[in-house]
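# Close look at the chain arrangement
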Amino acid sequence: MKLICSKANLLHGVNIVSKAVPTRTTMAILECILIDASTNEIRLTANDMELGIETKIEGEIAERGVIALDAKIFSEIVRKLPDSDVTIETDASFKTVISCEKAKFNIVGKSGDDFSYIPYIEKNEAIVMSQFTLKEVIRQTIFSIADNDNNKLMTGELFEIKENELKVVSLDGHRISIRNIELKNNYDAKKVVVPGKTLQEISKILPGNADEDVLIYLADNHIVFDFDNTTVVSRLIEGEYFKIEQMLSSDYETKVKINKKELLDCIDRATLLVKEGDKKPIIMNVTDGNMELKINSFIGSMNEDIDIEKEGKDILIGFNPKFFIDALRVIDEEEVSLYMVNPKAPCFIKDDKGKFIYLILPVNFNTASN
């Protein structure tokens, strides 16, 4: 095999597929990036058997062939080459020469025959949305997936489609994030759980253009994302997702309308007094026209007042400050509404148009704040 392409194109392609190279595996071939120049296109592929990424890059194929190269060393070589054309040449024993200007690397590759290509998924009806929308909805929900495997479903996000609406849900046992997206077309009802890792990697490689689309295909066990010259195939998480509707009460005793930036900045300042691993809550004392926020820790204490509009009863309630910060950071609206029932029931952060709901469970601050 012999191919020539620019360093920029090659590095861009390597950076994309590297997201699917496993960090630990017993199969050495999976630690490789496959370069497939057996047709008229140059394709790079990586696959960890849960997530597979393939991308096409521009270049000239002088001699067709396929080679698998160790991803770590190959990507480091490409990264440090001069900004010029790169030639990759292999022989029958998989010896590979990578040359660029006066630099020449000799490494040994592996046969492409042993490589696990990404699975073929029949692409029926494509769900279409802009790259920007998908990237945004991941950013606005990914922080509340669980980071351990105790409950596999909590490590993924629910993608539920009904007609022209996509609902994306994540939860970790302490909070729930829900985003509702209006789609361009109507679709049959579908419900899948997509691994959080897949969505995190897609978010990193998606350019996020508002005028470029992503095509999403759903199969029984897989989801496919097609954008630009890249295809991402991921296994789905099996199982019935949590019935969140019963957790989403519309009843409230207290409604607070508040400036989002003021609330976020205030909680952010308060966390200066909380060491990592400390479980000190932020306490909200809601009275007519005012919310007093206070925090008490081993380092010191802080309190601050914010002007609010209040409907209903006064309330004294405590929360993990990080959970509030995570939710407020991804809300673009200038004002937010908080809905509360009592100090032991969840707080809902909602907008009037039904675009988002963030549910946060309170903490018992009587014991925690002493």
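Within each chain, residue numbers correspond to sequence positions counted from 1 in written order. This being a predicted model, a pLDDT of at least 70 is required before a residue's local features are given, and a value of 80 or more before pairs of side-chain atoms are given or counted; all residues contribute to the totals for chains, interfaces and linings. Neither water nor hydrogens contribute to the side-chain values; these are computed over all heavy atoms in the structure.

### Focus: empty space enclosed by the protein
The definitions used throughout rest on a 1 Å grid laid over the protein atoms alone, on which a cavity is an enclosed set of points accommodating a 1.4 Å probe that cannot get out and a pocket is an open set flanked by protein within 12 Å on both sides along at least five of seven lines; lining residues are those having an atom within 4 Å of a point. Grid points are joined across faces, edges and corners, and a volume is the space filled by probe spheres set on the points. This structure, assessed with the given rule, holds one cavity of 30 Å³ or more. Considered as a void within the structure, the largest cavity measures approximately 40 Å³ in volume. Around the largest cavity, the lining residues are Phe143, Ser144, Arg175, Ile176, Ser177, Phe323, Ala327, Tyr358, Leu359 and Ile360. Counting only elements with at least two residues in the lining of the largest cavity, the list comes to strand E12 (175–195), helix H6 (321–329) and strand E24 (356–360). Class assignment for the residues of the lining of the largest cavity results in seven nonpolar, two polar and one charged. In this text, helices come from DSSP runs of H or I with a minimum length of four residues, and strands from runs of E with a minimum of two, each type numbered from the N-terminal end. We call Asp, Glu, Lys and Arg charged. Ala, Val, Leu, Ile, Met, Phe, Trp, Tyr, Cys and Pro are nonpolar, and the rest, Gly among them, are polar.

### Considering the domain arrangement of the protein
Start and end positions for the domains come from either an automated domain assignment or a database one. You can read the domains of the protein as domain 1 (2–114), domain 2 (126–243) and domain 3 (249–360). For domain 1 versus domain 3, the distance between C-alpha centres works out to 50 Å.

### As for the packing of aromatic side chains
Aromatic contacts are taken between Phe, Tyr and Trp rings whose centres are within 6.5 Å, Trp giving its six-membered ring; a plane angle under 30 degrees counts as stacked, one over 60 as edge-to-face, and the others as tilted. Scanning the model with the defined rule gives six aromatic pairs in all. Relative to Tyr117, the ring of Phe115 has its centre 6.3 Å away and its plane inclined at 90°; by these criteria the two rings are edge-to-face. Relative accessible area serves as the criterion here: at 5%, Phe115 is assigned to the buried category. Among the aromatic residues, those joined into a ring-pair cluster are Phe143, Phe356 and Tyr358. Stacked on the ring of Phe348, the Lys or Arg Lys350 has its end atom at 5.6 Å from the ring centre. Accessible area is worked out with a 1.4 Å probe on protein chains only. A residue is then buried under 20% of its type maximum, exposed over 50%, and partly exposed in between. By the criterion adopted, a ring carries a charge over it if an Arg CZ or a Lys NZ lies within 6 Å of its centre and within 35 degrees of its normal.

### Things to note about the pattern of salt bridges
When a carboxyl oxygen of Asp or Glu is within 4 Å of a side-chain nitrogen of Lys or Arg, the pair counts as a salt bridge. On inspection of all chains with the given rule, the structure shows 24 salt bridges. Asp226 is paired through a salt bridge with Lys123; the nearest N and O atoms lie 2.7 Å apart. Note that Asp226 is positioned in strand E14 (residues 222–227) and Lys123 in the loop between strand E9 (103–108) and strand E10 (127–130), a separation of 103 residues in sequence. Using a relative accessible area of 14% as the deciding quantity, one classes Asp226 as buried. The exposure class assigned to Lys123 is partly exposed, which follows from its relative accessible area of 38%. Across the pair Arg139 and Asp332 runs a salt bridge, and its minimum N-O distance is 3.9 Å.

### Let's talk about H6
The element H6 is largely enclosed, with a buried count of seven among its nine residues. In protein, a polar contact requires one atom able to donate a hydrogen and another able to accept it; more generally it is a pair of N or O atoms within 3.5 Å, and residues adjacent in sequence count only if both atoms are side-chain atoms. Near the N-terminus of H6, the side chain that reaches the backbone nitrogen of Lys322, with its oxygen 2.9 Å away, is that of Asn320.

### Concerning the nonpolar core
Counting 60 residues, the largest nonpolar core has Leu10, Ile35, Phe74, Ile88, Leu134 and Phe225 as the members making the most contacts within it. Shared between two domains, this core takes at least three residues from each, and those domains are domain 1 (2–114) and domain 2 (126–243). Should any heavy atoms of two residues lie within 4.5 Å, those residues are counted as being in contact. Setting aside residues no more than four positions away along its own chain, Ile35 makes contact with Met1, Leu3, Ile42, Arg43, Leu44, Gly65, Val66, Ile67, Leu69, Phe74 and Ile88. Counting residues in each nonpolar core, the second largest holds 37 residues, with Val274, Val286, Ile295 and Leu328 among its members. What makes a nonpolar core is a set of buried Ala, Val, Leu, Ile, Met, Phe, Trp, Tyr and Cys residues whose side-chain atoms join them at distances within 4.5 Å.

### With respect to a negative patch on the surface
The patches described consist of residues with a relative accessible area above 30% and no salt bridge, like charges being joined within 9 Å and nonpolar side chains (Val, Leu, Ile, Met, Phe, Trp, Tyr) within 5 Å. Only the protein chains shown count as cover for residues, and the accessible areas themselves come from Shrake-Rupley with a 1.4 Å probe. All tallies of charge rest on Lys and Arg as positive and Asp and Glu as negative; His and the ends of each chain are not included. A charge is said to be at NZ when it belongs to Lys, at CZ for Arg, at CG for Asp and at CD for Glu. A grouping of Glu309, Glu311, Glu334 and Glu335 is seen on the molecular surface, where their side chains present a negatively charged patch. In this structure Glu335 comes out as partly exposed when scored by relative accessible area, which is 43%.

### Side note on the sheet that holds strand E17 (residues 282–287)
DSSP bridges decide pairing: two strands pair if at least two such bridges lie between them. Read from one edge of the open sheet, four strands run E19-E18-E17-E21, paired in antiparallel fashion. Only two strands of the sheet have a single partner each, and these edge strands are strand E19 (301–307) and strand E21 (315–319). Neighbour-to-neighbour, the strand axes of this sheet turn through a mean angle of 20°, independent of strand direction. Two strands pair when backbone bridges link them, and E17 and strand E18 (residues 290–296) are joined in this way by five bridges, in the antiparallel orientation. Bridge assignment links Val286 to a residue of E18, and that residue is Met291. Axis lines are fitted through C-alpha atoms, for helices just across the contact stretch, and the angle between N-to-C directions can take any value from 0 to 180 degrees.

### Overview of unusual backbone geometry
As a rule of thumb, non-glycine residues mostly have phi less than zero, and peptide bonds are mostly trans rather than cis. The phi dihedral of Glu101 falls on the positive side, at around 50°, and the residue is not glycine. For Glu101, the location among the structural elements is in the loop between strand E8 (95–100) and E9. The phi angle at Asp228 is positive, at roughly 45°, despite the residue not being glycine. Along the polypeptide, Asp228 turns up in the loop between E14 and strand E15 (230–235). A relative accessible area of 48% means that Asp228 is categorised as partly exposed.

### Some details on the layout of surface pockets
As a volume, the largest pocket reaches approximately 1200 Å³. Along the wall of the largest pocket there are 44 residues; nearest its centre are Ile145, Ala146, Asp147, Asn148 and Asp172. Going through the elements one at a time, E12, helix H4 (196–205), E15 and H6 are the ones with two or more residues in the lining of the largest pocket. Considered class by class, the residues forming the lining of the largest pocket number 18 nonpolar, ten polar and 16 charged. Around the second largest pocket, the lining residues are Phe132, Thr133, Glu136, Val137, Gln140, Arg179, Asn180, Ile181, Glu182, Asp332, Glu333 and Lys355.

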